[in-house]
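Summary of the model geometry
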Amino acid sequence: MSKLCKFNVKTLLGIVVLAYLLILTIHTEASRAQQPMVWNWLNTLQDTVPETVPVKKSIEPDPDDTSRLDSIPKVDTLHISKDSIDAPVKYNAEDSGVLIIPTKEFILYGKAKMDYKDMNLDAATIRYDQQMQIIKAYGGVDTANNPLNKPHFNQGETKTISDSIAFNTKTGKALIQNTFLQEGEIFVNAQQLKKINADEAFARKARFTTCNLDTPHFAFRTGKMKIVNNKLGVSGPAFPEFEGVPMPIGIPFGLYPLSRGRHSGFMAPAFITSEDFGVGLEGLGYYKVINDNVDITTKANIYSYGGWLLNFNSKYIKRYRYTGNLNLTFQNTKALNRSGSSKEEFSQSKSYMINWSHSMDNRARPGTSFGASVNFGSTKFNQSLLNNPYANYNNQLSSSINYSKDWRGKYNLSLNANHNQNSNSGLVNVNLPTANFNVVTFYPFQKKESVGTPKWYEKLGLGYSGNLQNQFSFYDSTFNFRRMLDTVQWGAQHNIPITLSLPSLGPITIAPSVSYEERWYGQSNEKSWNPTTQKVDTSITKGFYTARQMGFGVGANTRIFGTYLFKKSKGVQAIRHEIRPNISLNYKPDMAKKDYYETQVDASGRTQRFSRFDGGIMGSFSEGKFGGVGFGVDNLLEMKTKDKKDTANKESKKVRLIDGFGFSSSYNLMADSFALGNFNLYARSTLFEKINITASANLDPYDSDSLGYRIDKLLFQPGKGVFGRITSANLAISTSFKSKTKDEKEGKESKSKEMPLDPFMTPDEQQRQLQFARANPAEFTDFNVPWSLSFSYSLSYTKIKKSDFSGYESQIYSSLNFNGDFTLTPKWKMGGTGYFDFNVMQLQQLSMFITREMHCWQLSINVTPIGLYRSFNITINPKSGILRDLRINRSRTFSNY
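Structural notes, computed from the coordinates. (Residues numbered from 1 in each chain as written. Predicted model: local features only at pLDDT ≥ 70, side-chain atom pairs only at ≥ 80, totals over all residues. Heavy atoms only, no water.)

**Regarding the packing of aromatic side chains**
Enumeration according to the criterion identifies 28 aromatic pairs in this entry. Note on Y545 and F613: the rings are 6.4 Å apart at their centroids and 55° apart in plane angle, and the pair reads as tilted. Note that Y545 is positioned in strand β34 (residues 535-557) and F613 in the loop between β38 (607-611) and β39 (626-642), a separation of 68 residues in sequence. Considered together, Y545 and F613 belong to a single accessibility category, that of buried residues. A centroid spacing of 5.6 Å and a plane angle of 80° characterise the contact between F610 and F805, whose relative ring orientation is edge-to-face. Residue F610 is located in strand β38, and its partner F805 is located in the loop between β46 (787-801) and β47 (808-823); the two are separated by 195 residues in the primary sequence. Here F610 and F805 have matching classes, each one buried. Above the ring of F621, the side-chain terminus of R519 is found at 4.1 Å from the ring centroid. (Phe/Tyr/Trp six-rings, centres within 6.5 Å; stacked < 30°, edge-to-face > 60°. Helix = DSSP H or I, 4+ residues; strand = E, 2+ residues; numbered from the N terminus. Buried < 20%, exposed > 50% of the residue type's maximum accessible area, 1.4 Å probe, protein only. Lys NZ or Arg CZ within 6 Å of the ring centre and 35° of its normal.)

**Points about unusual backbone geometry**
The omega torsion of the bond from L432 to P433 falls at -15°, within 30 degrees of zero and hence cis. As for its position among the elements, P433 is in strand β30 (residues 427-442). In this structure, K104 takes a positive phi of about 55° despite not being glycine. With respect to the helices and strands, the residue K104 is situated in the loop between β3 (96-100) and β4 (105-116). The phi torsion at Q133 lies on the positive side, around 55°, for a residue other than glycine.

**As for the environment of Y352**
Along the chain, Y352 falls in strand β26 (residues 346-360). Put simply, Y352 and N382 are 30 residues apart on the chain and 9.6 Å apart in space, counted from C-alpha to C-alpha. Not counting chain neighbours up to four residues away, the residues in contact with Y352 comprise T329, F330, F376, G377, S378 and F381. (Contact = heavy atoms within 4.5 Å.)

**A look at the layout of surface pockets**
If you add up the space inside the second largest pocket, you get close to 1,200 Å³. Secondary-structure elements contributing two or more residues to the lining of the second largest pocket are β37 (596-600), β38, β40 (652-668), β45 (725-738) and β46. Take the lining of the second largest pocket: its biggest share by element is 3 residues, from β38. Tallied by class, the residues present in the lining of the second largest pocket amount to 9 nonpolar, 11 polar and 12 charged. (1 Å grid on protein atoms, 1.4 Å probe; cavity = no way out; pocket = protein on both sides within 12 Å on 5 of 7 lines; lining within 4 Å. Points joined across faces, edges and corners; volume = space filled by probe spheres on them. Nonpolar A, V, L, I, M, F, W, Y, C, P; charged D, E, K, R; others polar.)

**Details of the nonpolar core**
L108 and I126 are the most contacted members of the largest nonpolar core, which has 42 residues in total. Contact partners of L108, with chain neighbours within four places excluded, come to Y91, N92, A93, S96, G97, K113, M114, A124, T125 and I126. In this structure, Y521, Y545, A592 and I617 belong to the second largest nonpolar core, which totals 9 residues. (Core = buried A, V, L, I, M, F, W, Y, C linked by side-chain atoms within 4.5 Å.)

**Here we look at the state of the cysteines**
Counted by the stated rule, this structure contains 0 disulfides. The thiol of C856 is not disulfide-bonded; the next cysteine sulfur, from C211, is found 3.6 Å away. We classify C856 as buried; its relative accessible area is 6%. (Disulfide = S-S within 2.5 Å.)

**Some points on the pairing of β39**
Each regular strand shows side chains that alternate between the opposite faces of the sheet. As paired elements, strand β36 (residues 572-588) and β39 share 16 bridges and run antiparallel to each other. By the bridge assignment for β39, H577 is matched with L637. Alignment of β39 against β40, held across 14 bridges, turns out to be antiparallel. Within β40, the residue paired with G630 across the bridge is S666. (Pairing = 2+ DSSP bridges.)

**Section: the side chain of T875**
Among the secondary structure elements, T875 is positioned in strand β51 (residues 869-878). One polar contact links T875 to N873, side chain to side chain, over a distance of 2.9 Å. Apart from the residues within four sequence positions on either side, T875 is in contact with Q858, L859, S860, R887, I888 and N889. (Polar contact = N/O pair within 3.5 Å; in protein donor to acceptor, adjacent residues only side chain to side chain.)

Next up, the structure:
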């Protein structure tokens, strides 16, 4: 009986093993699907199943006898072999998989793949030895004896392509022959690579580069090298080579940072020479990571004539809470005096700049927001900056700090602190604080639960808006606290609008309104003629003063459509014109008459009327009653054309010819003179979806005398094309053109090469990044676009009263900005940007660049021949961020003072 049992068990075990191997081979060849490794299970069976299975007589135990329970032996039914692996392995192969039980080996043939923990291995052949716990991988060759399916080994951030790999799954050690290793931006080719653990490896006869070609444009060769993942690469003596040609220079050792993310370290400077500042180093600094939320960058510019610039920049961020940036710059300018106006050899000045930006995440405290954008500094700071033509011509600085609170959409409060300063005049105006409180329109007579059609009075709405302002001014060069207190003025404004929503009368909408406005002032101004000095003097009286105004009105508006259809054979199918007229009846009593007075303004005895609150922070109400009509017309013009892309000629395309154009004015029926109000004209359009045009003008229908003062005579001469006097006008035209990309796929990829926009970057940082891109356009050139061109033109005209009241004078400002580039060859590109001032008919600023695409290197030449400072810069450096400081730089700057 025992022999029979012994034979049956052995036979049964053999049949199970053979059946499993047959199923494994068939399944691998047929489906090639991933299967769990089974050699551990087979090994366990081999170690735990005895050669014979003894058969014993079955004895039924007595359920009442418990004395024998403790004597029953406890037998382990499963034993895990010591050489079994500690994690599941997934594999597949195109050809076959062979399991050798006696030697405990498993071999995969033909595009084999294996995944174990964080390790991924692809090769032509993979051999696993369970006793040694070693995985070996080899490549193959095709019919032409060319390499085929070389082993690809990925573990964590390490990626390699090798001739052969031997990896110990227990110790994590590996020996790799002729491997190509990628560690971040670094590519290493080593004849032999030995991994001692998952993070450290030693390379022998290695080539180090950031060029991703098989034959790199440049590299460093070294006999031995150590690589620590995500930390550092250390090499012995290294020698550079270009295009495979070794250079007769070398370095005794090399340290190559491999850290990802932020890490502290020194920042290499750039060498510069200037006739005005001397020889210098720019950008010498240190970057320090304080913690995960805060860092700080310190930079310094040092010049041989004694000038220097010190910059501290700190960025702080807390996700879902806030982000901000603080920038402090101190500048000691010492430049060669070439004007000859002073006996001193050098002219020296000190200046500073403070930039702070802060933004609060809306998710931090819903309904509450806090933000800041502060730009405050010396008026001469921008003028003294080198190699920054955009900052050199920026004469305006402004700041804003704001806090707002919303109460469930019913009330909202905002507190603001603002500042602006003019670098030319040195005048600084500070508004601190400015408070606004608003009550959203509510309907006091509206029922909580509306049933049926609401009554007309239920749509009566009330609202409130209040504004409080404080302002003081000073000159930064002659700051005096007492004088500053003399300039302090404050004011408040209260506005209560009353609206009523009435049902539409067909296409006409009617909206009556009532408004009450009151203003508080902290001072009163009084102008008087001084016969001694022959000019107008102004006296200021501090106190508390009030003024108020009311208005009543009812308005109506509608929309009129007209379409002109063309023949079907035409490319233009139709033109659609939309007219939106509006008319209103308004009444305003003269509640400001008590605040107006008349005084002499010149020696001829001419008089003018002024308000006691002219020039105040809140402004003054207009004098006189108004009972009349307000009217206006807005227009929209569209065209429908055939879509050229539609071959069936069924689809059409809408093109807006004019986005809007029209006018608005009023007529005062209660006025005895100057009854017709000024006409506000406007137009805006995007022609051909390329040219943006915006225009506006103020037209005075009355004539003027020789000094420019209005007279009660309509200036209306249609025969001569005269319909009044333009007192102010603005025109802005901008457009940009660029050629099609060489390849649509490359065009999509080129967007990723543009200047990155960090969503956590503060507006101040984005502005400085934009300024850097403008100052160094060669480093942000897109070679996939053969050419591009953009223009922006602005014209401003206004008539202002002269300070001595002797008449009016016209001020015109006109300028043109242009920017463009074009490709000379597939690898060479040049371009430029400039600013032309039509007032002086002179090109105020011009910058040009030439750049050369060199795959893993870049050559950029930036030249500024016209500007406050003239300069040129030549830079050759690798594109990789790791080796970006390994550059050849030549810069020179000249002053136009």
